[in-house]
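Structural description and commentary
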Amino acid sequence: MVAEYDGFEPVIGLEVHAQLQTNSKIFCGCRVQYGAEPNSLTCPVCLGLPGALPVLNKKAVEYAMRMILAIGGSVRNESVFARKNYFYPDLPKGYQISQFDKPVGEGGAIEFTLDDHRKSVGLIRIHLEEDAGKSLHPESGEPYTQVDLNRCGTPLIEIVSHPDIRSPREAYAYLVKLKQTLQYLDVCTGDMEKGHLRCDANVSVRPIGSETFGTRTELKNLNSFKHVEKALEYEINRQINLIKSGGAVEQTTLLWNEKSQTAEMMRSKEESHDYRYFPEPDLVTLQVDNDWIARVRADLPELAEARATRFVSQYGIREYDAAVLTDTRSLADYFESVMSEFDDGQAAANWIGTELLAAVKDAGVEIGDYHVKPNHIADLLKRVKSGQISGKIAKDVFAEMVVSGDAPASIIKKKGLEQISDNSVLEPIIERLLDANPDNVAKYRSGKTNVFGFFVGQVMKETRGQANPTMVNELLKKKLDG
Amino acid sequence: MSDYRTLSAAEIADRTRKGEISAVEITGRALALASTVGSELNAFITLCEGKALKQAEAIDAMSPEQKSRLPLAGVPVALKDNISYTDYPMTCGSHILDGYIPPYDATVVTRLIASGAVIIGKTNMDEFAMGSSNENSYFGPVKNPVDPERAPGGSSGGSAAAVAAGIVPLAFGSETGGSVRQPAAFCGVLGLKPTYGALSRYGLTAFASSTDQISPFARTAEDLVLIYQATAGRDERDSTSVAFDHPNYTADLALSRSLTIGLPKEYRGEGLDPEVAAALDHTRKRLEELGHRCVDISLPLTDKAIPTYYVIASAEASANLARFDGVRYGLRESRDRSLEEMYSDTRASGFGPEVKRRIMLGTYALSAGYYDAYYIKAAQVRELMRREFEESFKHIDLILSPTAPTPAFRLGEKVSDPLAMYLSDVYTAPASLAGVPAISLPLARSTSGLPIGIQFIAKHFDERTLFRIAATLLNNK
Ligand SMILES: [Zn+2]
């Protein structure tokens, strides 16, 4: 990996803003909802009208605490909100309420596996803040800007990593893990398209072996994990080429342009903001006592990696399947729901990992919202295992479940798909088949046993796949050998 | 009812409850005075005639039983024009809020109306409460009712003048560093700065959030108690408001014991008018005659109060006033130019010179490289001042001092010298920084007849002792 960069090593730190999925805003009672009529979800507080005052939403604090504790960070017993001052039309108060020198959370790490290597990226801090509104610039180029303040006051946490990341791929893997963790905790939907997760990157390069950091630049407007990876790749190469040609990197803020696949200068160091942070006098110190911390810790859900390990030992499934099934909390929940009524883990894993996920993907919905429920999958798998239907028939039944949402039992009954395990039905079919194919019978008996498959296929064809394959095998062998 | 101008709020409420007078009639008197005497003094920016008469009619239509539950039944009250009241413009004495009508009521307004008070109008003030003479108003200065050549004090000059002139028996102003006590002293009425957190700030346009406090004016101790009783107490909408023991102050306004009262030597420094000093000595003598013990004390940090106050208040103001940017409401200049031009032209023409001075001062104090030397240092001094008061109140019940170094000065006298103007807050700023309650009482007059205010400062949430000392001294003249 190191060799990719010609003797240089990238040093990357990420700042991720995650929107907390609380029902109401962080400092007022307004609803948080994406896509509502512009400026309909506002009140004097989030509009920053003269005299209106913020009141902290305890739920937002609790969501931040979940994330902090889940990644092994520590929650401060006393944290302080601060005003971050800057002018922008979608920032109604002329300052954003954020946190500065006393953030709600400090420390912790995001751990992940990449190319069989275990990597840990340390976190500097997690702090609470309010979101700003949205400025809408008309594409037709009219000389005005519209402002939608619905998003004002939406609770965010900013998760700031140490510069521990050493490649764009690591950055990508870090973000995937971060998003998965937020989703597992029900803290953030992770939907980047809706802006629920936003990422800025700081990047510098240095000769391998160097202990000091190079001059860094900041990359903004990274709208997907793929963009983060591409923009970092671009900027690392730009910096290295600059240094190799005798130039020096300047501390700047760059905007990633996805169309041109380049980063454009947004502002230089001289133009950088002085945010003039100072403690927010409208809010009191946020006190979090150890009891509260203990309660939140006790309520933390099992995270993906721990759950995957448990799936392997508890249900006896392969590690690969365990990783697939724990990718999201709702998928893992689905699997465990199936397993509460079924006892063959690997069979369930195979089914969910292939048939079910493909169908869910086709439907374009979240698995938790999918209309085929876990108890029906368990029922279907039990019928396969008991031999009532074959695996192949099961696929047909499932296809019908996807269409109609009916229970397997009623589909099997309605379509007459039960497996034929009755000797008195199968024997006449087999006898007729042998009578009709004397050549093949002779071949078999002369030692060419590979024609056995031909007979099995013919029985299945005759029974539209409903014959119990084990019984067909036994009966055929008896007749042919006997 | 020729004596309306001398009626106390307590008397108006009592007679309204008994059905002896009608709220509509009282309201009519107040509105008439506001538009005659009030306009001569330039005390009001907006009169709330329509809603006032509706409120009064509603009170008159109530049953005696319903009226009996209204402590301020039919009492006309004026509001400083930085307090949100729906349906009428709120200007904060500034041009920049041009056309702004608040869509919500401040908590104190809700509580006043629930108590039966009638909101008469919005009073003139120094722009965004920045000033000590009311000369910084976009709507022109207010005249002192005692002497129209003189300043009423500021920043709540309009409310002080309205009460002193008998237009209303009660009014709300707001304090940040002395903006109610000093005009109360200049106009010869009572002014109370409650403990920080005692009255909700919800709906009060912020100047310096950590010291801002809605504060009442009255002409009698009993009336001051009435309005405080009706409006103080925890409010869920203000995170800095405090839940505290809120007894029935009216029930017992007599001092039950002898008090120990401290007179800080630092409060009679250079610049103290000899007649004010004499009034202070006279008050001390009266207190001793009444059996209270007066002791000399020292509050060494007093001379740090003005610089500390101006750093902290200006820093907070620089952020609090950032919202007046021409984007969402109020004045907007250069609407066809760039965003930067719209911002700077709006703020350049919308704010007056004193407001600009404080925004620049505050912005500077918060800037990278200066923050530690100014803001942090000031915050540390403030904490020490708070402790200094706390320590003093272990040994004494009250602090006694002048409210302001001089009686009302002439309009125009200090307007070109901001520093001299700032020094008129020298005795009021310390209590504001410490968050302790303080009261200004009209206890003396100069030889030329100008009112002189005497200040008492108490420990946190000990408004009761302030009310008792006020009643004792004012009712036993
Ligand atoms: Zn809101």
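First things first, this report covers the structure right here in the doc. Quick caveat, the model's predicted, so the values are computed rather than measured.

Parameters and conventions
- Residues numbered from 1 in each chain as written.
- Chains lettered and ligands numbered in written order.
- Predicted model: local features only at pLDDT ≥ 70, side-chain atom pairs only at ≥ 80, totals over all residues.
- Heavy atoms only, no water.
- Helix = DSSP H or I, 4+ residues; strand = E, 2+ residues; numbered from the N terminus.
- Rg over C-alpha atoms; globule rule 2.2 N^0.38 Å.
- Buried < 20%, exposed > 50% of the residue type's maximum accessible area, 1.4 Å probe, protein only.
- Contact = heavy atoms within 4.5 Å.
- Areas by Shrake-Rupley, 256 points an atom, 1.4 Å probe, with all protein chains shown as cover.
- Lys, Arg positive; Asp, Glu negative; His and termini not counted.
- Charge placed at Lys NZ, Arg CZ, Asp CG, Glu CD.
- Pairing = 2+ DSSP bridges.
- Right-handed = clockwise from strand over helix to strand, strands pointing away.
- Axes fitted to C-alpha atoms, helices over the stretch in contact; angles between N-to-C directions.
- Patch = residues over 30% accessible without salt bridge, like charges linked within 9 Å, V, L, I, M, F, W, Y side chains within 5 Å.
- Salt bridge = Lys/Arg side-chain N within 4 Å of Asp/Glu carboxyl O.
- Donors = N, O, S within 2.8 Å, 3.2 Å for Na, K, Ca; no water.
- Tetrahedral: all angles 85-135°; square planar, octahedral: opposite > 155°, others 65-115°.
- Parallel < 35°, antiparallel > 145°, perpendicular 65-115°, else oblique.
- Nonpolar A, V, L, I, M, F, W, Y, C, P; charged D, E, K, R; others polar.
- Core = buried A, V, L, I, M, F, W, Y, C linked by side-chain atoms within 4.5 Å.
- Buried area = accessible area lost by both parts, 1.4 Å probe.
- Polar contact = N/O pair within 3.5 Å; in protein donor to acceptor, adjacent residues only side chain to side chain.

Bringing the overall build of chain B into the picture now. Looking only at helices and strands, one finds 16 helices and 11 strands in chain B. For 477 residues, the compact-globule estimate of 2.2 N^0.38 gives 23 Å, and the C-alpha radius of gyration of chain B, at 21 Å, lies within 12% of that figure. Projected onto the principal axes, the alpha-carbon positions of chain B cover approximately 60 × 55 × 45 Å. Evaluated residue by residue, chain B yields a buried proportion of 64% over its 477 residues. Put simply, 76% of the contacts in chain B that link residues at least 6 apart link residues at least 24 apart. Of the roughly 16,400 Å² of accessible surface on chain B, 52% is carried by carbon and sulfur atoms. The centroid of the 49 positive side-chain charges in chain B is displaced by 2 Å from the centroid of its 56 negative side-chain charges.

Attention shifts here to the pairing of strand β13 (residues 217-222) of chain A. All names here are of chain A. Here β13 lies mainly inside the structure; five of its six residues are buried. Summarising the sheet, strand β12 (residues 197-207) and β13 pair through four bridges and their orientation is antiparallel. Looking at the pairing, Ala 201 lines up with Leu 219 of β13. Pairing of β13 with strand β14 (residues 252-257), which is carried by three bridges, proceeds in the parallel orientation. Within β14, the residue paired with Glu 218 across the bridge is Thr 253. Note on the crossover from β13 through helix α3 (residues 225-244) to β14: the handedness is left-handed.

Turning our attention to the sheet that holds strand β1 (residues 44-47) of chain B. Residues and elements named next belong to chain B. The strand order across the open sheet formed by 11 strands is β1-β3-β2-β4-β6-β5-β10-β11-β9-β7-β8, and the pairing between neighbours is mixed. Looking at which strands have only one partner, the edges of the open sheet turn out to be β1 and β8 (293-297). Strand-to-strand twist across the sheet, computed as the mean angle between neighbouring axes with direction ignored, equals 30°. Judged from the five bridges that link them, strand β2 (residues 76-80) and strand β3 (residues 118-123) form a sheet pairing that is parallel. Bridged to Leu 79 within β3 is Lys 122. Against the sheet, helix α6 (residues 157-164) engages β1, β2, β3, β4 (170-175) and β6 (213-218), with an angle of about 155° to β4. Taken strand by strand, helix α16 (residues 463-475) contacts β5 (190-193), β7 (260-264), β9 (398-402), β10 (438-445) and β11 (451-457), and its axis lies near 10° from that of β10.

A cluster of nonpolar side chains, contributed by B:Tyr364, B:Tyr370 and B:Tyr374, occupies part of the molecular surface with about 290 Å² of accessible area. In this structure, B:Tyr374 sits in helix α13 (residues 372-392).

Moving on: the coordination of the zinc ion. All names here are of chain A. Those donors, Cys 28 (SG), Cys 30 (SG), Cys 43 (SG) and Cys 46 (SG), are the protein atoms that reach the zinc ion, and they lie 2.3 to 2.4 Å from it. Relative to the metal, the four donor atoms surrounding the zinc ion lie at angles of 100 to 115°, and the coordination shape comes out tetrahedral. For the zinc ion, the single-chain donor residues occur in sequence as C-x1-C-x12-C-x2-C. Taken together, the residues span a long stretch of sequence, with Cys 28 in the loop between β1 (8-19) and α1 (58-70) and Cys 43 in the loop between β1 and α1 at a distance of 15 residues. This pair shows no difference in class: Cys 28 is buried, exactly as Cys 43 is.

Relative orientation and spacing of two packed helices are given, respectively, by the angle between their axes and the distance between those axes. All names here are of chain B. Where helix α8 (residues 221-231) meets α16, the axes come as close as 9 Å, and the angle between the chain directions of the two elements is 155°. Classed by the angle they form, the pair α8 and α16 counts as roughly antiparallel. Contacts between α8 and α16 involve Ala 221, Glu 222, Leu 224, Val 225 and Tyr 228 from the former and Glu 463, Phe 467, Ala 470, Ala 471 and Asn 475 from the latter. Each residue belonging to the contact of α8 with α16 can be placed in one class, and the counts come to seven nonpolar, one polar and two charged.

We now examine the pairing of β3(B). All names here are of chain B. Counted residue by residue, β3 has six buried out of six residues, so it is predominantly covered. Two strands pair when backbone bridges link them, and β1 and β3 are joined in this way by three bridges, in the antiparallel orientation. The partner of Phe 44 across the bridge, within β3, is Thr 123. Handedness of the crossover joining β2 and β3 through helix α5 (residues 107-114): right-handed.

What follows deals with the nonpolar core. In terms of nonpolar packing, the biggest core is built from 231 residues, with A:Ile157, A:Tyr174 and B:Phe456 touching the most fellow members. Ranked by residues supplied to this core, first place goes to helix α10 (residues 305-320) of chain B with 10 residues. Among the nonpolar cores identified, the runner-up in size contains 38 residues, and A:Ala322, A:Ala349, A:Val360 and A:Tyr370 belong to it.

With 39 residues of chain B at the contact, the number on the chain A side is 31 residues. Buried surface at the junction of chain B and chain A, both sides included, amounts to about 2,700 Å², of which 60% is carbon and sulfur. Counting the surface chain B buries against chain A, the share from its top three residues, B:Ser239, B:Arg323 and B:Arg328, is 22%. Counting every contact that joins chain B to chain A gives one salt bridge. A salt bridge links B:Arg201 to A:Asp282; the shortest N-O distance between them is 3.0 Å. Viewed at the interface, chain A and chain B are joined by 14 residue pairs in polar contact (both at pLDDT 80 or more). Listing elements by their share of the side of chain B that touches chain A, those giving two or more residues are α10, α11 (339-350) and α12 (353-366) of chain B. It is α10(B) that contributes the most residues to the side of chain B that touches chain A, four residues altogether.

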